[in-house]
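The lines below spell out each chain.
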Amino acid sequence: MKLRKLGRSGVLVSELGLGTMTFGGPVDEATSHRLLDQFVGEGGNLVDTSNVYASGRSEEIIGRWLSRQDRSRVVLATKARFRTADGANDLGLSRKHLLHAVRESLRRLQTDYLDLLQVHAWDPLTPLEETFGTLHRLTEDGAIRYVGVSNYRAWQFERALQLCRARGWHEPVSLQPQYSLVARATEFELVPMCLAENIALLPWSPLAGGFLSGKYRQGVRSSPAGTRFGDSKDLEFYAKRFENERAARIVDAVRNVASEAGRAPSQVALNWLLARPAVTSPILGVRTPDQLTENVGATGWSLTEAQLAALSRASELDVTYPYDQRAEDQQTSDRRLE
Ligand SMILES: NC(=O)c1ccc[n+]([C@@H]2O[C@H](COP(=O)([O-])OP(=O)(O)OC[C@H]3O[C@@H](n4cnc5c(N)ncnc54)[C@H](OP(=O)(O)O)[C@@H]3O)[C@@H](O)[C@H]2O)c1
């Protein structure tokens, strides 16, 4: 795997990250450790977790692995914001909860610093000054190396960025949004913002939870056990999302390009994402070592321009103002200078 810069920071991350949302859930500890070893063996260094994955067990499993590694080789990313217990302040981005969450993550991960602490989502109750002032101090104190953000809208990210600039605080360097052939609304505001501000873009669910692997041939509603959708208590949520004309068109295009390119559908979907503007490192989710082998095989080659265009066409979203072509022309036209 190649390395890419984490936005404007000086740190280098692998072009694919390893997500660990399944660790301590469908993936047991021994397999999790095997996946981590395999990922690092393939040249990966970016490991993404959160303080709420499997109620903290994901971090604990990574911690037991990390204690046997050269810590400096791993770029360890976690998150804070979602509920960790049932008290009134056991969630959110207040100074109180953030400091507690970071202390607990460090304990579970058996490390004295986090490379990237991402706020997991917007907190409408806490002033941005309180959140980003706390993140600045955590960076100064050495508990975290970089600040990142997940699931913000562009105006929220930009507001946080401008606040940090005005105060001379450490700025967020990365954004982790959902982004895949299925989820392309990220391109409306977030991608242009990442390009303009040189923010690292770390897509989550790059295979739309496994849908883009093309394995749900009988339809999402008949997903077998042992798959993300088949094991879900909310199959209806996935059925709504994926049993429609656009999703069928996308997965058909992925399958067609895969057979033309002689690659697996997952590799095609990931290769498309790797080629998109602003994308730094898609965060993989895997259940088995074979899936990891297949997905890492998305790197080191490129789809042709025609194949990329076919996938982009099949996954186009219906857009209206201000994201349609007419508004785009207004933004970019320079007729005054003609
Ligand atoms: N910031 C956030 O709010 C947020 C939200 C979600 C995720 N994340 C991060 O993003 C990571 C990835 O998300 P995700 O797990 O949804 O990613 P994904 O790549 O879209 O889906 C991963 C799932 O797809 C299936 N799969 C993967 N490779 C496959 C292959 N080659 N063939 C067949 N099936 C395959 C596996 O599920 P089955 O085998 O079980 O079907 C796997 O668990 C997470 O681990 C987490 O770190 C962040």
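Before any of the text, the structure's been laid out above.
Residues numbered from 1 in each chain as written. Predicted model: local features only at pLDDT ≥ 70, side-chain atom pairs only at ≥ 80, totals over all residues.

Asker: Quick question: what am I supposed to make of the overall build of the protein chain here?
Answerer: Helix and strand counts for the protein chain stand at twelve helices and ten strands. A burial count over the protein chain gives 44% of its 338 residues as buried. (Helix = DSSP H or I, 4+ residues; strand = E, 2+ residues; numbered from the N terminus. Buried ≥ 20, exposed ≤ 12 C-beta atoms within 10 Å, placed from the backbone.)

Asker: Looking at this model, I keep getting lost on the nonpolar core. Mind explaining?
Answerer: Most often, soluble globular proteins keep nonpolar side chains buried together rather than apart. Counting 87 residues, the largest nonpolar core has L117, L201, L212, V254 and A269 as its most contacted members. With sequence-adjacent residues up to four places away left out, L201 is seen in contact with L175, V191, C194, A278, V279 and T280. (Core = buried A, V, L, I, M, F, W, Y, C linked by C-beta atoms within 7 Å. Contact = placed C-beta atoms within 7 Å.)

Asker: Hey, could you run me through helix α4 (residues 128–141) in this one?
Answerer: At 3.6 residues per turn, the α-helix brings residues three or four places apart onto the same side. For α4, which comprises 14 residues, the first-to-last C-alpha distance of 20 Å matches the rise-based estimate of 20 Å (1.5 Å per residue) to within 8%. Those residues of α4 not exposed but buried are T131, F132, T134, L135 and L138. Seen along its axis, α4 keeps its buried residues to an arc of 150 degrees; they face one direction. Across α4 from its buried face, at more than 90 degrees, point the exposed residues E129, E140 and D141. Turning to α4, the residues buried within the fold contact α3 (95–109), β6 (114–119), β7 (144–150) and α5 (154–167). Looking at the residues trailing α4, positive phi occurs at G142, about 90 degrees. (Expected span 1.5 Å × (residues − 1). Arc of directions from axis to C-beta.)

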